[in-house]
Amino acid sequence: MFAELYGLKVDYVNQQGHYMVLSTEKGLDRDELSAFQLNMLLANRIPHLLELQVEELNRKMKLYYHITDKRMLSHWLRMHNLTMKHFYHLMYTIADTLSECGVNMLQERSYIIHEDYIYCGSDLTDIYITYIPMELAEPHSVQERLQQLASRLVHKVTELAGSGYQELVNYLMDESFHLSTLKQLLLRHMNGPASDTGSRESSAIPEKSMDSSGFGELNVTQPALHKAAALFHAAPDGADTAPAIAPRGAYDEISRPDGQPLFAGPEITEAGDTSKPANKMKLPMMLIGVLGICLSWKLYLDHPSEGWLYISSGLSLLTADLVYVMIWLRNHTGNASGRIAEDGIVEANKPMADDLPSPEAILSRLIAQKPVEASSPLASFLMGESQKNATSAVSGLSRNAELRPAVQSPFESMSNHAHALAPDPYYQSLEQRTTLLSQPDATVLLSSPDSHSKIQAPLPYMELLDAGTVRKISLDKPCFVIGRGGKGVDYEHQEHGVSRLHAEIVNQNGTFGVKDLGSRNGTRINGEWMAPYKVYELKEGDKVTIVGTDFTFKMGL
């Protein structure tokens, strides 16, 4: 079970250190590699590139990358949280390494920009990239690969803050992309406060004690309470409800601790409009009109004649008329939204409410129409019952309308209609209908054996002996991680010497394998030490030893 990279087999070995090996089944020919780049990597220690060694046997070569005491970036991200500061620093280090390729006479396309082939040293700032000294069939440019890497890494960021990431993505999609400009952008976000803006803003907001309504502590003065209470005493005798709209200024003295009124809304002027919402478009319309007039007279200046004088004058008058009509329409629609009566009571949407017919009037018109005679007794019976219920509903609604106050919620009327028009007799008559039964001697169609759902095969599992008790661990995920505990661990193995992420069991198209995740004390399979990150195929009865505990692999048969 080997991974492949551009047609090369990826393997891991322990030979006086830990190495990642790139080769083919028969080995690499010297002609396949760039001799100049290979000599450059062997003779010089290039910063942030994995140290390369070459093994040649019978003119077949293997590339050995020294990864001792280094951890794969994808596994590092499983254990640690990635902040925006770390994200920018990581992208900057990669961009800086790529920008130095000209100095080291290397090619940008030969850098492997993927988290599985980028390794971390002591911390995230100490990274090492894999470089293959050969011509690779890479279909994507460096710009596209950096964009893909950024989109994968941003999912590991604990909290996005500021607009730095969006700015980075926009530049990675820009046609004028250049690595030096990208470095300047990342450096600005690394040293700037962009990544910490959100946290500082949230910490700068003072905490306030909130009441049950969510408005915080309310400053209610005694005169304001008397004003609010007077509104309810002003209702006429026998009325169910208080006035729907309160006089202006009734709640002006009820405010929050910051001095803002509790029921702050648009200020009502004496003309009936809100505070200049209808006049917002007046100035732009007038400016457009002036511009149109200027353009019409520009035509006259270009063609100074009597005919163009008349044309320009007509266009000026037409433009002025259009601007006047547009302003008049804006003011008219704005005034229709709310008016103020002479006594200071706000009458909201009165013209629109007067024009709409009431539900009782609509229902009365429908009932007044002569019903169509039905062709069957059952239909005539149902239509007669519906007409009777509708007539009783209208009479009941009219009586309720006389007793209710002038202001009534339309939702109450709709609920009354729905309750009155429920066709109860129709549903009650359903039980009297004749149901067609199947013949007693009819042949029953049996389902075929193939139609039955297949019984799901048992899942493979790991078996271990824990305090004299056999335990089974179901491998129900494609990647099942065993470790000491924490983020990314599927089974916590609490034993002294177990790493946070110790080993991983992978399922590749039904074939199971196990690999060590660079643990400090290593992992053994059937008594042999495993090379970190190398996948070893698991078979029935194989034993995986983590520190002092044996895990036996079972296929679940």
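See the structure shown above.
Residues numbered from 1 in each chain as written. Predicted model: local features only at pLDDT ≥ 70, side-chain atom pairs only at ≥ 80, totals over all residues. Heavy atoms only, no water.

S.K.: Hey, could you run me through the sheet that holds strand β9 (residues 118-120) in this one?
M.R.: Neighbouring strands of a sheet are bound in pairs by backbone hydrogen bonds; such pairs are parallel or else antiparallel. Spatial ordering of the open sheet is given by β7-β9-β10-β8, a layout of four strands whose pairing is antiparallel. Two strands lie at the open edges of the sheet, namely β7 (71-72) and β8 (111-112), each paired on one side alone. Bridging between β7 and β9 involves two bridges; their strand directions are antiparallel. From the neighbouring strand, Met72 faces β9, where its bridge partner is Tyr119. (Pairing = 2+ DSSP bridges. Helix = DSSP H or I, 4+ residues; strand = E, 2+ residues; numbered from the N terminus.)

S.K.: Teacher, can you tell me more about helix α4 (residues 142-153) here?
M.R.: Along an α-helix, residues three or four apart share an orientation, since each turn contains 3.6 residues. Counted at 1.5 Å a residue, the expected span for α4 with its 12 residues is 16 Å, and the 16 Å between its end C-alpha atoms agrees. Burial in α4 covers these residues: Val142, Gln143, Arg145, Leu146, Leu149, Ala150 and Leu153. Along α4, the residues classed as buried sweep out an arc of 165° about the axis, all on the same side. The secondary structure elements touched by the buried residues of α4 are α2 (73-79), α3 (84-99), β8, α5 (164-172) and α6 (179-191). (Expected span 1.5 Å × (residues − 1). Buried < 20%, exposed > 50% of the residue type's maximum accessible area, 1.4 Å probe, protein only. Arc of directions from axis to C-beta. Contact = heavy atoms within 4.5 Å.)

S.K.: Please explain the environment of Gly513 as it appears in this structure.
M.R.: Here Gly513 shows up in strand β20 (residues 511-516). Assessed through its relative accessible area of 0%, Gly513 is described here as buried. Between the C-alpha atoms of Gly513 and Val535, which are 22 residues apart in sequence, the distance is 5.8 Å.

S.K.: Even after reading the chapter, I still don't get the pattern of salt bridges, so can you show me in this structure?
M.R.: As a working rule, side chains carrying opposite charge can pair if their charged atoms are close by. Applying the stated rule across the entire model yields 10 salt bridges. The salt bridge partner of Arg30 is Glu56, with a shortest N-O separation of 2.8 Å. One end of the pair, Arg30, is in the loop between β4 (28-29) and α1 (35-43); the other, Glu56, is in strand β5 (residues 52-57), with 26 residues separating them in the sequence. Assessed through its relative accessible area of 38%, Glu56 is described here as partly exposed. Measuring nitrogen to oxygen at the nearest pair gives 3.8 Å for the salt bridge that ties Lys515 to Glu504. Of this pair, Lys515 sits in strand β20 while Glu504 sits in strand β19 (residues 503-508); the two residues are 11 residues apart in sequence, bridging distant segments of the chain. Given the relative accessible area of 15%, Lys515 is considered buried. Several salt bridges converge on common partners, so that one network encompasses Arg78, Glu504 and Lys515. (Salt bridge = Lys/Arg side-chain N within 4 Å of Asp/Glu carboxyl O.)

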